Amino acid sequence: NYGFRQSQSSVTNVNADGWHVFPNPATNWITVQNASGAIAATDYHILDITGREILHGSLDNSATNIDVSMLSAGAYVIKMNKGDNADGEMLFVKN
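Residues numbered from 1 in each chain as written. Predicted model: local features only at pLDDT ≥ 70, side-chain atom pairs only at ≥ 80, totals over all residues. Heavy atoms only, no water.

A. Here's a closer look at the sheet that holds strand β4 (residues 42-47). Strand order across the open sheet formed by four strands is β5-β4-β7-β8, with antiparallel pairing between neighbours. For this open sheet the edge positions go to β5 (53-59) and β8 (85-94), each flanked by a neighbour on one side alone. Strand-to-strand, the axes of this sheet are offset by a mean angle of 20°, without reference to chain direction. Bridge analysis of β4 against β5 gives six bridges, and the strand direction is antiparallel. What sits directly across from His45, in β5, is His56. (Pairing = 2+ DSSP bridges. Helix = DSSP H or I, 4+ residues; strand = E, 2+ residues; numbered from the N terminus. Axes fitted to C-alpha atoms, helices over the stretch in contact; angles between N-to-C directions.)

Structure (structure tokens):
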């Protein structure tokens, strides 16, 4: 007796401490947004699944687009830091 399991083809919009990343999965761009709009002095770091930093930069307003077109298909973590303090961490998928 065999059964089938339905799989999900997308990742739910992930949220950590008011942070959102979309679309997820992504093709060329992700948008990083904070519900509070307070992202002054916030840096981002994109890591592959081994923990190696692939991209980094600064967020400049309440919704920032990040070019991820050069990333290989796979799962990535984006971390946000305000100064020395971690402010959010989310998983996203690159198609």
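Now that the structure is up, let's keep going.
B. Region of interest: the nonpolar core. Ranked by size, the top nonpolar core spans 18 residues in total, and within it Ile30, Val32, Ile46, Ile66, Ile78 and Phe92 carry the most contacts. At the level of elements, β2 (19-22), β3 (29-34), β4, β5, β7 (74-82) and β8 are the ones that each hand at least two residues to this core. Among the elements that take part in this core, β7 stands out by supplying three residues, more than any other. If sequence neighbours within four positions are ignored, Val32 has contacts with Trp19, His20, Val21, Leu59, Ser62, Ala63, Thr64, Ile66, Ile78 and Met80. (Core = buried A, V, L, I, M, F, W, Y, C linked by side-chain atoms within 4.5 Å. Buried < 20%, exposed > 50% of the residue type's maximum accessible area, 1.4 Å probe, protein only. Contact = heavy atoms within 4.5 Å.)

C. Quick look at the packing of aromatic side chains. Tallying each qualifying case throughout the model produces one aromatic pair. Judged by centre distance (5.7 Å) and plane angle (25°), the rings of Tyr76 and Phe92 are stacked. Remark: Phe92 occurs in strand β8 and Tyr76 occurs in strand β7; sequence separation between them is 16 residues. Phe92 sits in the buried class, given a relative accessible area of 0%. (Phe/Tyr/Trp six-rings, centres within 6.5 Å; stacked < 30°, edge-to-face > 60°.)

D. Quick peek at the confidence of the model for the protein chain. Confidence along the protein chain averages 83 in pLDDT terms, with 81% of residues attaining 70 or more. With pLDDT under 50 throughout, residues 1-15 is counted as low confidence; its partners more than four residues away or in other chains account for 17 contacts. (pLDDT = per-residue confidence, 0-100.)

E. How the structure looks around the side chain of Thr64. Mapped onto the secondary structure, Thr64 falls in strand β6 (residues 63-67). Of the residues examined, Thr64 reaches a relative accessible area of 6% and is grouped as buried. Aside from chain neighbours lying at most four places away, what touches Thr64 is Ile30, Thr31, Val32, Ile39 and Leu59.

F. Focus on the environment of Asp48. Looking at the element boundaries, Asp48 is found in the loop between β4 and β5. Between the alpha carbons of Asp48 and Val77 there is a distance of 6.5 Å; along the sequence they are 29 residues apart. A distance of 2.6 Å separates polar atoms of two side chains, one belonging to Asp48 and the other to Thr50. (Polar contact = N/O pair within 3.5 Å; in protein donor to acceptor, adjacent residues only side chain to side chain.)

G. Region of the structure containing the pairing of β3. Sheet analysis places β2 next to β3, joined by four bridges and oriented antiparallel. Bridging from a neighbouring strand, His20 pairs with Gln33 of β3. Counted between consecutive antiparallel strands, the loop separating β2 from β3 contains six residues. Two strands pair when backbone bridges link them, and β3 and β6 are joined in this way by five bridges, in the antiparallel orientation. When the sheet's bridge partners are listed, Trp29 is paired in β6 with Asp67.

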